[in-house]
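# Coordinate inspection notes
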Amino acid sequence: MSDYVNVTELFGCDVFNDSVMEERLPKKVYKELKKTIEEGKELSPEVADVVAHEMKEWAIEKGATHYSHWFQPLTGVTAEKHDAFITAPKENGKVLMSFSGKELIKGESDASSFPSGGLRATFEARGYTAWDCTSPAFVRHDAAGGTLCIPTAFCSYTGEALDQKTPLLRSMEAINTQALRLIRLFGNTTSKKVTPSVGAEQEYFLVDKEKWLQRKDLTYTGRTLFGAMPPKGQEMDDHYLGTIRQRISAYMKEVNEECWKLGVTAKTQHNEVAPAQHELAPIYAPANIAADHNQIMMRILKKVASRHGMRCLLHEKPFAGVNGSGKHNNWSLTTDDGINLLDPGKTPHENVQFLLVLTCILKAVDTHADLLRESAADVGNDQRLGGNEAPPAVISVFLGEQLGDVLDQLISTGTATHSKKGTILETGVKTLPDFMKDATDRNRTSPFAFTGNKFEFRMVGSRDSISECNVVLNTIAAEAFKEACDRLEAAEDFDMAVHDLIKEYAIDHQRIVFNGNGYAPEWAEEAKRRGLPNLPSMVDAIPALTTDKAVKLFEEFHVFTRTELESRAEIQYEIYAKAINIEAKTMIDITTKQIIPAVIRYTTVLADSINAVQAVGAIDVSVQLDLLKKCSALLKSTNSAMNKLSKAVAKVPEIPEGRERAVYCKDTITKAMEELRTPVDELEMLVDKEMWPMPSYGDLIFEV
Ligand code: ADP
Ligand code: MG
């Protein structure tokens, strides 16, 4: 790749985006398609045929030979089935390249190879992928050649969602309907659509590929299952936003270019808190596109890393004791004509609307804190949330000093008459100054922080899809907006009613607001006193999906049926138990085949040395002896901890699948894993580095 990059030319060059469509499609067809994209109008088969044909022609020019319906099943990664454009050979032995509207709109995929949480037992194995025309198709180039990827939703034969995208699209419809109602009440008659805007900051680690290959734990599970902390950890702050080293810079350059080609607006990149950790953030986009782009970005991060002799670790906690990785899901609500409903605004009129939106969100998050927590539940994230870093497993909202103060005034007097800036405001609740410009504090410990004109949900794991949390955010906000609109539409005096409502919500849900240090142990106590849920593990969080409250919420807005929720809970339990099992088995494997033999070799060396030295004469061998005793004792502990873990793992198949098995894995297996790790990590500190069978933390994170 040459050094000079013309970004404007490169950007979106492999995307069938609006300008390509406008250029290539007949005017009438383009207009029809735009109506479908913008207003959700159904696409006629004739129009679909024309679009498909042009898309194919364009893709072939870009070097594509195949097309693929690209979807996001519940395994957390993306899936696709590739079909060549070619048709059956004609009599003259030649093939044609074809692609019909039907093939564009609808695909068939064997659903039985993807998790369905019981849905596949009750329904047909057949699954359908349906084109999400609001997210543009793109051509991806890799070793297999060029593929036209068509973003799709994935459903069962009877319409149950089997993926992440279907509920996301449904939730976007719900929030659109209710948010439009709300802004109409405030006199907005011009905006046609409200879309959740999302920008996901992605954290990741880079390690050297050769070293990665020497660690079975990293290759099989994505995280280190053993490993003692290096003498230098992240306590030295020199890395944060430090000079990005040459190798990394070259990597990032290529990542950016690959992202840009596919229309992903990679914008901000920097080193993170931990050594070898980095972050990449795009410019925000509509939630479904942001979710697609995040998947594309994760793939690019991995692909480019292997080209540069590295591995990109997306696991939430690759190294114990070192800062883990997450995704910050920035979320706001934007109208088609560019109004951000979470922007505090300048005029009193808009500020009332803002205060209502804000208090509705407080209500939504307080009412459904358990669901929001669940949306970030992921096996790897259990290592991170609730640990002494990153957000705690308790949901709370950070508003900042000035906005928090406005809320306090609302609660105590019913009206906000001043702001901390000291400005005299207009009467009543109706004003808010440009407070964010002067807001000094920036709380990094809050899981859900108001940051100027958006909320930042920081709990999501680095490997996880951002779809789930946005499904929850959109739907719980829709519910709160709906309840507010129901009351306001029925009110005689609107001004009075909205004033009362804001006050009521502020009072009823103030417990969810917390501006202090979320990492402090006192906060967990305080949260308990406030009655806020604390769900430290994924297994604790899953039941939130199927409470009566959750079922009522999701059914009301047609986001999930009870059956879909139950199936999702089942899948989560299954994923959890499987992942823990793989980790446990990997630990046993490494201990048996690598750790124990290495320690035996080392103790033999020590014993030989003791004998050899003693043969020379009466020389003090107490150091060798001491070391030999320590290592032998730890070897014994290692062996018994391993036997205990092996027995625990052997029992897994006897435990009924589902919640029971997941609980067993959490309570018994993970505990036994910790017990095995302790003596092994102590051994790593004693055994000759040359003899230790794998690269250390220091090797992995300081020598990328
Ligand atoms: P941080 O200080 O957390 O790094 P940035 O200003 O860099 O914050 O923004 C982080 C992310 O938030 C980016 O992906 C950005 O596009 C996104 N973002 C900015 N404004 C909004 C908004 N109004 N709605 C949603 N996401 C937004
Ligand atoms: Mg952030």
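Residues numbered from 1 in each chain as written. Chains lettered and ligands numbered in written order. Predicted model: local features only at pLDDT ≥ 70, side-chain atom pairs only at ≥ 80, totals over all residues. Heavy atoms only, no water.

In this section: the overall build of the protein. Scanning the protein for helices and strands turns up 24 helices and 15 strands. In terms of C-alpha radius of gyration, the protein reaches 28 Å, essentially the compact-globule figure of 27 Å for 704 residues. For the protein, the spread of C-alpha atoms along the three principal axes comes to 100 × 85 × 55 Å. Expressed as a percentage of its 704 residues, the buried residues of the protein come to 56%. Within the protein, contacts between residues at least 6 apart in sequence are counted, and of these 74% link residues at least 24 apart. As displayed, the protein has an accessible area near 29,900 Å², and 54% of this comes from carbon and sulfur atoms. (Helix = DSSP H or I, 4+ residues; strand = E, 2+ residues; numbered from the N terminus. Rg over C-alpha atoms; globule rule 2.2 N^0.38 Å. Buried < 20%, exposed > 50% of the residue type's maximum accessible area, 1.4 Å probe, protein only. Contact = heavy atoms within 4.5 Å. Areas by Shrake-Rupley, 256 points an atom, 1.4 Å probe, with all protein chains shown as cover.)

Despite not being glycine, His558 has its phi angle at roughly 55 degrees, a positive value. When you line up the elements, His558 lands in the loop between helix H20 (548-556) and helix H21 (562-616).

What follows concerns the packing of H21 against helix H22 (residues 622-651). The packing of two helices is summarised by the inter-axis angle and the distance between the axes. Between H21 and H22, the least distance of the axes is 9 Å, while the angle of their chain directions is 160 degrees. Relative to H22, H21 is oriented roughly antiparallel. Classified by chirality, the crossing of H22 by H21 is left-handed. Here the contact of H21 with H22 is composed, by residue class, of 19 nonpolar, 10 polar and one charged. (Axes fitted to C-alpha atoms, helices over the stretch in contact; angles between N-to-C directions. Parallel < 35°, antiparallel > 145°, perpendicular 65-115°, else oblique. Left-handed = near helix turned anticlockwise from the far one by under 90°. Nonpolar A, V, L, I, M, F, W, Y, C, P; charged D, E, K, R; others polar.)

On to the coordination of the magnesium ion (ligand 2). Taken together, Glu201 (OE), Glu201 (OE), His328 (ND1) and Glu456 (OE) make up the protein donors of the magnesium ion (ligand 2), found 2.1 to 2.8 Å from the metal. Spacing between the donor residues of the magnesium ion (ligand 2) along the chain follows E-x126-H-x127-E. With Glu201 in strand E7 (residues 194-208) and Glu456 in strand E15 (residues 455-457), this residue pair connects regions lying 255 residues apart in the sequence. Here Glu201 matches Glu456 in class, with each residue buried. (Donors = N, O, S within 2.8 Å, 3.2 Å for Na, K, Ca; no water.)

Domain annotation for the protein reports domain 1 (8-163), domain 2 (172-223 + 239-560) and domain 3 (574-702). Here the C-alpha centroids of domain 2 and domain 3 sit 40 Å apart. The junction of domain 2 with domain 3 conceals about 2,200 Å² of combined surface from both sides, 67% of it contributed by carbon and sulfur atoms. Along the contact surface separating domain 2 from domain 3 lie three salt bridges. In this structure, Lys666 and Asp540 form a salt bridge, with 3.8 Å as the shortest nitrogen-oxygen distance. Our enumeration of links across domain 2 and domain 3 arrives at six residue pairs in polar contact (both at pLDDT 80 or more). (Domains from an automatic or database assignment. Buried area = accessible area lost by both parts, 1.4 Å probe. Salt bridge = Lys/Arg side-chain N within 4 Å of Asp/Glu carboxyl O. Polar contact = N/O pair within 3.5 Å; in protein donor to acceptor, adjacent residues only side chain to side chain.)

Summed over the entire model, instances satisfying the criterion amount to 42 salt bridges. For the salt bridge of Arg530 with Glu526, the shortest nitrogen-to-oxygen distance reads 2.8 Å. Of the two residues, Arg530 and Glu526 are both situated in helix H18 (residues 521-530); the distance of four residues between them amounts to about one turn of the helix. Assessed through its relative accessible area of 23%, Arg530 is described here as partly exposed. Residue Glu526 is classed as partly exposed on the basis of its relative accessible area of 22%. Overlapping salt bridges, with partners in common, bring together Arg181, Lys482, Asp486, Glu489 and Glu556 in one network.

Applying the stated criterion across every chain yields a total of 16 aromatic pairs. An angle of 85 degrees between the planes, with centres 5.4 Å apart, marks the rings of Trp70 and Phe138 as edge-to-face. Here Trp70 is found in strand E1 (residues 64-71), whereas its partner Phe138 is found in strand E5 (residues 138-142), with 68 residues between them in sequence. Assigned by exposure class, Trp70 and Phe138 land together as buried. Judged by centre distance (4.6 Å) and plane angle (5 degrees), the rings of Phe448 and Phe455 are stacked. In this pair, the class of Phe448 matches that of Phe455, namely buried. Note that Arg311 overlies the ring of Trp212, its terminal NZ or CZ placed 4.2 Å from the centroid. (Phe/Tyr/Trp six-rings, centres within 6.5 Å; stacked < 30°, edge-to-face > 60°. Lys NZ or Arg CZ within 6 Å of the ring centre and 35° of its normal.)

In this section: a nonpolar patch on the surface. Together, Ile60, Ile86, Val95 and Met97 give the surface a local cluster of nonpolar side chains, amounting to about 300 Å² of exposed area. Here Met97 is to be found in the loop between strand E2 (79-84) and helix H5 (101-105). Judged by its relative accessible area of 32%, Met97 falls in the partly exposed class. (Patch = residues over 30% accessible without salt bridge, like charges linked within 9 Å, V, L, I, M, F, W, Y side chains within 5 Å.)

Counting residues in hydrophobic clusters, the biggest one holds 138 residues, and the most contacted among them are Leu356, Leu399, Phe455, Phe554, Leu645 and Ile669. Take this core: its biggest share by element is 16 residues, from H21. Residue assignment places this core across two domains, with domain 2 (172-223 + 239-560) and domain 3 (574-702) each supplying three or more. When neighbours within four sequence positions are excluded, Ile669 is seen to be in contact with Ile580, Ala584, Leu645, Ala648, Val649, Val652 and Tyr664. (Core = buried A, V, L, I, M, F, W, Y, C linked by side-chain atoms within 4.5 Å.)

A word on the side chain of Thr152. Mapped onto the secondary structure, Thr152 falls in strand E6 (residues 145-156). Contacts of Thr152, omitting those with residues within four sequence positions, involve His69, Trp70, Phe71, Thr129, Ala130, Trp131, Asp132, Asp163 and Lys165.

Quick look at the environment of Leu362 now. Residue placement: Leu362 occurs in helix H12 (residues 348-367). Those residues in contact with Leu362, other than ones at most four positions away along the chain, are Val397, Leu399, Leu407, His509, Ile512 and Val513.

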